[in-house]
Amino acid sequence: MIIAVDCGRSYVKVMTEEKTFLFPSKVSGWRKRNYRQEVEGDIELQYRGRKWFVGQLAEREGEFTRQAMQDTKAVEETLLLTLTAIHLAGGKGKVTLVTGLPIVNFTEEEKYAVKRLLQGHHHVEVNGQWKQFHIDRVYTTIEGGSAFFAEPRMGLVRIIDFGAKTTNYATFKDRVFIDRESGTIPIGWETAKESNVREMADLIASSVSKKWGADDVVLLVGGMAKKMEPHIQEHFRCALAVKYPQTANVRGYFAVGKAMLEGVQV
């Protein structure tokens, strides 16, 4: 079973052969509530003898609610959110997990750290339902750039992926990734105030314009793609937010996972 998980800093996006869904990337310690009101989408997680609130429940009822903003993704929050995602996705038996890393952190050391964190047997309870599954393989690909594989095309294609903490930018030419014209900018939409959206767009554009042309095709992905579109178009006339931009990465992850299992070159 292939499960793609985009463990973003703001939302966890999940895709299987049957469904695509998301939930907030928030975790807090569990606490007893005197009055329990069951709300659709609430998540209570139990793993290795500990309990947590996850997602909207952590936002609403958690104390010391946290989201992963560290430079590395090999952290406890990634583990808990990914296991929750797999459970909710119906994971069972052997699972092939496809996930991603920022382009700047796509190193052998970071890939190994994430693989070591996630791979193996897990016994997880979500909302009172126990499931066992074995993460047999962990494939990692690049954030932002992976969105290309959701709808690959020939020619020169640029991608800007607006994240909560960082912004990834990627270049493909005739379906081949161009590393020297890709990278990660250390600014995200949760680090910029609403009034600074235009300034954020200007900063991103000034960074990528050193190697990109004003008439290049630029695809915008991520939860803020639609809002950023008119501001990026001031710098790149052919910039356009993709359809369903918030799930573009996870759809690319899933496509990469299927291709790797089938032995197809992506």
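One can find the structure itself at the top, above this paragraph.
Along every chain, residues carry numbers that run from 1 in the direction the sequence is written. It should be noted that, the model being predicted, local features are given only for residues of pLDDT at least 70 and side-chain atom pairs only at 80 or more, the latter also being counted only at that level, while totals for whole chains, interfaces and linings use all residues. Side-chain descriptors were evaluated using all non-hydrogen atoms of the structure, hydrogens and water having been removed beforehand.

J.: Teacher, can you tell me more about the overall build of the protein here?
T.: Of regular secondary structure, the protein possesses 6 helices and 15 strands. Radius of gyration here is computed from C-alpha atoms only, and the compact-globule reference equals 2.2 Å multiplied by the residue count raised to the power 0.38. Expected size for 266 residues packed as a compact globule is a radius of gyration near 18 Å; at 19 Å, the protein falls within 12% of this value. Principal axes of the C-alpha set define a box for the protein whose edges measure 55 × 45 × 30 Å. To sort residues, take the accessible area from a 1.4 Å probe on protein chains only and compare it with the maximum for the residue type: under 20% means buried, over 50% means exposed, and anything in between is partly exposed. Of all 266 residues assigned to the protein, the portion counted as buried reaches 53%. Here, two residues are considered to be in contact whenever any of their heavy atoms come within 4.5 Å of each other. A separation threshold of at least 6 residues defines the contact pool for the protein, and within that pool the share at least 24 residues apart is 63%. Surface accessibility follows the Shrake-Rupley procedure with a 1.4 Å probe radius. Residue values consider only the protein chains on display as shielding. Accessible area of the protein: about 12,900 Å², with a carbon and sulfur share of 50%. Working convention for charge: Lys and Arg count positive, Asp and Glu count negative, and His plus the chain ends are omitted. In plain terms, the charge of a residue is placed at NZ if it is Lys, CZ if Arg, CG if Asp and CD if Glu. Between the averaged position of the 37 positive side-chain charges in the protein and that of its 33 negative side-chain charges there is a distance of 3 Å. Per the convention used, a helix needs a DSSP run of H or I reaching at least four residues, while a strand needs a run of E reaching at least two, with both numbered from the N terminus.

J.: Looking at this model, I keep getting lost on the nonpolar core. Mind explaining?
T.: Across soluble globular proteins, you tend to see nonpolar side chains buried next to one another. Val5, Val12, Val14, Phe23 and Ile135 are the most contacted members of the largest nonpolar core, which totals 29 residues. The greatest single-element share of this core, amounting to 6 residues, is contributed by helix H2 (residues 76-88). Non-local contacts of Ile135, meaning those with residues more than four positions away in its chain, are made with Leu83, Ile86, Val95, Leu97, Leu118, Gln119, Gly120 and His122. To define a nonpolar core, start from buried Ala, Val, Leu, Ile, Met, Phe, Trp, Tyr and Cys residues and group those joined through side-chain atoms within 4.5 Å. Counting residues in hydrophobic clusters, the runner-up holds 21 residues, among them Ile204, Val218, Leu220 and Ala241.

J.: Is there a simple way to explain the pairing of strand E8 (residues 120-126) in this structure?
T.: Along a regular strand, successive side chains alternate from one face of the sheet to the other. In terms of residue burial, E8 counts as a mostly covered element, since 5 of its 7 residues are buried. In this scheme, strands are said to pair when DSSP sees at least two bridges between them. With 7 bridges joining them, E8 and strand E9 (residues 129-142) adopt antiparallel strand pairing. Residue pairing for E9: His122 is matched across the bridge by Phe133. If you look at the hairpin formed by E8 and E9, you'll find 2 residues sitting between the two strands, and Asn127 has a positive phi there, around 50°.

J.: Just to check I follow, could you spell out the sheet that holds strand E2 (residues 11-15) for this structure?
T.: Reading across the sheet, the 9 strands line up as E3-E2-E1-E7-E9-E8-E5-E6-E4 and stay open at both edges, with mixed pairing between neighbours. Whereas interior strands pair on both sides, the edge strands pair on one side only; in this sheet they are strand E3 (20-24) and strand E4 (27-29). Taken over all neighbouring pairs, the strand axes of this sheet differ in orientation by 35° on average, direction set aside. Taken together, the 5 bridges between strand E5 (residues 43-47) and strand E6 (residues 50-54) define a ladder with antiparallel strand orientation. Bridged to Tyr47 within E6 is Arg50. Axis definition: a line fitted to C-alpha atoms, limited for helices to the stretch in contact. Angles are taken between N-to-C directions and run from 0 to 180 degrees. Contacting strand E1 (2-7), E2, E3, strand E7 (93-101) and E9, helix H6 (residues 248-261) crosses the sheet at an angle of about 145° to E1.

J.: I tried to follow the environment of Gly90 on my own but got confused; where do I start?
T.: Its place among the elements puts Gly90 in the loop between H2 and E7. Judged by its relative accessible area of 25%, Gly90 is partly exposed. Excluding anything up to four places from it in sequence, Gly90 contacts Met1 and Lys131.

J.: Looking at this model, I keep getting lost on the pattern of salt bridges. Mind explaining?
T.: Where charged atoms from two side chains of opposite charge approach closely, those side chains can pair. Basic side-chain nitrogens of Lys or Arg form a salt bridge, by our definition, when they fall within 4 Å of a carboxyl oxygen of Asp or Glu. Under the definition given, this model contains 19 salt bridges. Among the salt bridges present, the one from Glu143 reaches Lys73, with a minimum N-O distance of 2.5 Å. Note that Glu143 is positioned in the loop between E9 and strand E10 (156-162) and Lys73 in the loop between helix H1 (56-61) and H2, a separation of 70 residues in sequence. According to the relative accessible area criterion, Glu143 is buried, its value standing at 8%. Between Asp216 and Arg158 there is a salt bridge, and its shortest N-O distance comes to 3.0 Å. Of this pair, Asp216 sits in the loop between helix H4 (197-208) and strand E14 (217-221) while Arg158 sits in strand E10; the two residues are 58 residues apart in sequence, bridging distant segments of the chain.

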